[in-house]
Amino acid sequence: QRTGGGNSAHYWHQRTGGGNSAHGPIHIDNLPLINLDKQRRPRESGSGRRNEGSVYTAYDGHTVTTSDAVDPRGREDESASRSNGGPIEIKVPTHRMSGDDPKNVVKSASRALLKLTLSEPPSDQPRRTRRASPSDRTRHQRSPSLQRHHSSRPRMSRDDGGNVFSEQIRNTKKDRQQHVTFLSVSNHGEACTVARVARPPLLQHSCLSMPNNVTTTQRGWSFVNMFFVLLTCIALISFTVSRMLIKDKFLLPDFNSYLSVVTIDEIEASKEVINKDKPKTVAYAVSFIKCGDKQTHAAGLTDASIVLRHSIYKISSRNPSSGSKYDFKMYALVHPQAESCSSKLQDVGFEVIIVDPPVQPSEIRGEHLRKKIHKEWCCGSDEFIKLHAYTLPEEIIVHLDIDFAFYKPMDHLFDAILYDKDSIEGQKARQQIELERPGEKLPDKIGAFITRDWGQVAPEKFPPAYQAGFIVARRDPSVKDEMVEVIKEGNYTAGWGKGFGWAGTGHGGYVGAMAMQGLVAYYYDHVRKDNAVELNQCRHNHMGMDVRYRHPPNYTPRYVKQEFIGGCRNALEYCEDCMVTDFENIYSVHYTMCRKPWQCIAKPDDGTTDCKKGKCLDTNVVNVEHCYEVIKEWHKLRTEVEEELLKMTGDETIMEGQKGDYKNDIFMGHCNDDGNDGYLLMSGKDDTFKRVNDLYH
């Protein structure tokens, strides 16, 4: 097929007559193409040379020569050349033919013409003479001239009746198509040029129709094509065999099992199995209401928050030795007036959330509560920001005061909240709960764990307050909403005992009764009954205080039955003595009655020391040696943090905070003297404290 200008032609071979001597003419649209009167060149005697072939003359002056000549690369191949736009000279090696059969000559000559056509530039560019190499059949050609050449080349096809027709392949510059052209000869007797179009991905081809009785060899596949096909087949076979082997070993279920009907319960059960080993996250939250009070001075804010977080890390799944399956996240609920001192909390890994009190005094309808709540310990209605803890995103929340530390995992409490009471996990967890009243019936669905402030009441006289420094609860924004409505209603009567307090239930008169201590106790006792569980106060939220009715404060023997004097304030026949509880049984410590660790208080008020009132350990309500023990545990935690920071940062200034010499057997170098002024703050560079969070990833 010629396309470099002029008319396109369809070449084919037609045999007429029989025998090798009368092959018949070769036609181009019924015009003779090749003169079969060939001129033979005789073999030279003794020369060893083969017949050099024959010369054929085409109708337009082109010549086809069969030759035994070998090219410089040692390979024979057909070739075609044009001299200065004149006739085309085609050379065909005789080894490709059988007896110079013209149909073989046509086939080889056709390939040569195609290669010459592909190698020639379009008519609007100067022609260049180029020898077509054998590798042109398989090598990709990417020149721009070929792209333009393809745009004008018709595609030749044969219809169902055997007639040859052409289709113009359109390729404009606007399409920005890239052609990679190679030559192939199909098994259907067609010599083809094939163009692979990169964008869009198409495969275009042009074929030179060959005689139906001429059999050729397909040469269009490159080595790269065959390699990738072979590689794909191997991969498919390997995958199929491996699937069969795995299925035979029962490592995969039968495929039909995927077509079975699955219920919602089964889907939820499967999710539970998948997530069973994934640690669940518990939200630990503290609240800050104002800067500069007893808890939010430098030591109470920075050092206490660092030690608190370290203690939580030690009982979490991040510490493999804890055995816990629960992770943690730290939150700080910060009143707007304490925002200025909350940035340090962010540095040590707390997510700070600025929140307003959910209720303003002006919104309270009850007159007494509206006028008096601002005087309540410690912070009036501002303390109600703690209610925002019920709305944190985690399923379980633990709200606590900053003067707190944990020493044992609480997985059984978390499990008892999350798992159904009839499940294996739920039953096991409920059996392990340390109750204030052993054997007490538990709610079907536990909403919270609390401890009571028994130290403020007499046996069987008044209902106890809630100890507002600790709660473990299920996330439930409706709890917050319901408590807010109770506050706004303001049904509170001043006074001590039954008939007073919240709705006249006796929840009133003690410290914190108008705020969280009284509100939460009233709510779980009367509004949302059978929802909260009271924990053993010696094991959880441990304060080390005396729980027996035998010493002040809140001690008036004439108001109680004689049998209760010296007995348990909760009116039980037996109660654990929290002043001497073994430390290994304590889950958490609330540093109140034994004083805060950063106060460096070690003197008892038993008359043997010169301590001032309120600045020493009250021997009526605590055991001094036991207080020393629990205070030392806090300083151990601080020392661990300091050592880990030093190892991580190399900041030697950290050790400046351990140069104290006051009762080092208790305070471990963190105190120089008794009292607040004797405490040595944690030391280190600013960048060191910003890396505290890196200890817990």
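Here's what I pulled together on the structure shown here. As the structure is a computational prediction, the values presented were derived from the model and not from experiment.

**Focus: the state of the cysteines**
Applying the stated criterion to the full structure yields five disulfides. The disulfide partner of Cys-291 is Cys-341, and the S-S distance across this bridge is 2.1 Å. Since a negative S-S torsion denotes a left-handed disulfide, the Cys-291-Cys-341 link at about -95° is left-handed. One end of the pair, Cys-291, is in the loop between strand S14 (280-288) and helix H5 (298-314); the other, Cys-341, is in the loop between strand S15 (326-334) and helix H6 (343-347), with 50 residues separating them in the sequence. Residue Cys-291 is classed as partly exposed on the basis of its relative accessible area of 31%. When its relative accessible area of 16% is taken as the criterion, Cys-341 is described as buried. Here Cys-538 engages in a disulfide with Cys-578; their sulfurs sit 1.7 Å apart. Judged by the torsion about the S-S bond (-80°), the Cys-538/Cys-578 disulfide is left-handed. Remark: Cys-578 occurs in the loop between strand S25 (532-534) and strand S26 (588-590) and Cys-538 occurs in the loop between S25 and S26; sequence separation between them is 40 residues. You'll find Cys-538 and Cys-578 in the same group, each marked buried.

**Remarks on the packing of helix H10 (residues 477-489) against helix H11 (residues 516-527)**
Relative placement of two packed helices is described by the angle separating their axes and the distance separating the axes. It is at 11 Å that the axes of H10 and H11 come closest, and there the two elements cross at 105°. Classified by the angle between their axes, H10 and H11 sit roughly perpendicular to one another. For the pair formed by H10 and H11, the contact residues are Val-479, Glu-482, Met-483, Val-486 and Ile-487 on the first element and Leu-519, Val-520, Tyr-522, Tyr-523, Tyr-524 and Val-527 on the second. A breakdown of the residues in the contact of H10 with H11 according to their chemical character gives 10 nonpolar, no polar and one charged.

**Regarding the pairing of S15**
A large share of S15 lies buried, amounting to eight of its nine residues. Sheet analysis places S14 next to S15, joined by nine bridges and oriented parallel. In the strand pairing of S15, Val-286 is matched with Ala-332. With four bridges connecting them, S15 and strand S16 (residues 351-354) associate as parallel partners. Bridge pairing in S16 places Ala-332 opposite Val-352.

**Focus on the nonpolar core**
Within the largest apolar cluster, 80 residues are counted, with the highest numbers of intra-cluster contacts made by Tyr-284, Val-398, Phe-406, Phe-414, Ile-433 and Phe-449. Residues within four places of Phe-449 in sequence aside, it is in contact with Leu-413, Ala-416, Ile-417, Ile-433, Ile-471, Val-472, Val-533 and Leu-535. Counting 42 residues, the second-largest nonpolar core is a separate cluster that includes Leu-369, Leu-387, Ile-450 and Ala-468.

**Observations concerning the pattern of salt bridges**
Taken as a whole and assessed by the stated rule, the structure comprises 22 salt bridges. Close ionic contact of Glu-534 with Arg-437 constitutes a salt bridge, the shortest N to O distance being 2.8 Å. Residue Glu-534 is located in strand S25, and its partner Arg-437 is located in the loop between helix H9 (424-431) and strand S19 (448-450); the two are separated by 97 residues in the primary sequence. For Glu-534, a relative accessible area of 8% corresponds to the buried category. Linking Glu-644 and Lys-647 is a salt bridge whose minimum nitrogen-to-oxygen distance equals 3.9 Å. Of this pair, Glu-644 and Lys-647 are both found in helix H12 (residues 624-649), three residues apart, which corresponds to roughly one turn of the helix.

Basis of the calculations
Position labels on residues start from 1 in each chain and follow its written sequence. For this predicted model, a pLDDT threshold of at least 70 governs which residues receive local features, and a threshold of 80 or more governs which side-chain atom pairs are given and counted, while totals over whole chains, interfaces and linings are taken from all residues. As a convention, hydrogens and water are excluded, and side-chain values are obtained from all of the structure's heavy atoms. Here, a disulfide means two cysteine sulfur atoms that sit within 2.5 Å of each other. Think of it this way: any DSSP run of H or I at least four residues long counts as a helix, any run of E at least two long counts as a strand, and we number them from the N terminus. Relative accessibility decides the category of a residue: with a 1.4 Å probe and only protein chains considered, values under 20% of the type maximum give buried, values over 50% give exposed, and everything between is partly exposed. The axes used here are C-alpha line fits, helices contributing only the stretch in contact, and every angle between their N-to-C directions lies in the interval 0 to 180 degrees. Orientation labels follow simple angle bins: below 35 degrees gives roughly parallel, above 145 gives roughly antiparallel, 65 to 115 gives roughly perpendicular, and whatever is left gives oblique. It only takes one pair of heavy atoms within 4.5 Å for two residues to be counted as in contact. Following the grouping adopted for this structure description, the nonpolar residues are Ala, Val, Leu, Ile, Met, Phe, Trp, Tyr, Cys and Pro, the charged ones are Asp, Glu, Lys and Arg, and the polar ones are all others, Gly among them. In this scheme, strands are said to pair when DSSP sees at least two bridges between them. Remark: nonpolar core denotes a set of buried residues (Ala, Val, Leu, Ile, Met, Phe, Trp, Tyr, Cys) joined through side-chain atoms within 4.5 Å. The salt bridge definition used is simple: a Lys or Arg side-chain nitrogen within 4 Å of an Asp or Glu carboxyl oxygen.

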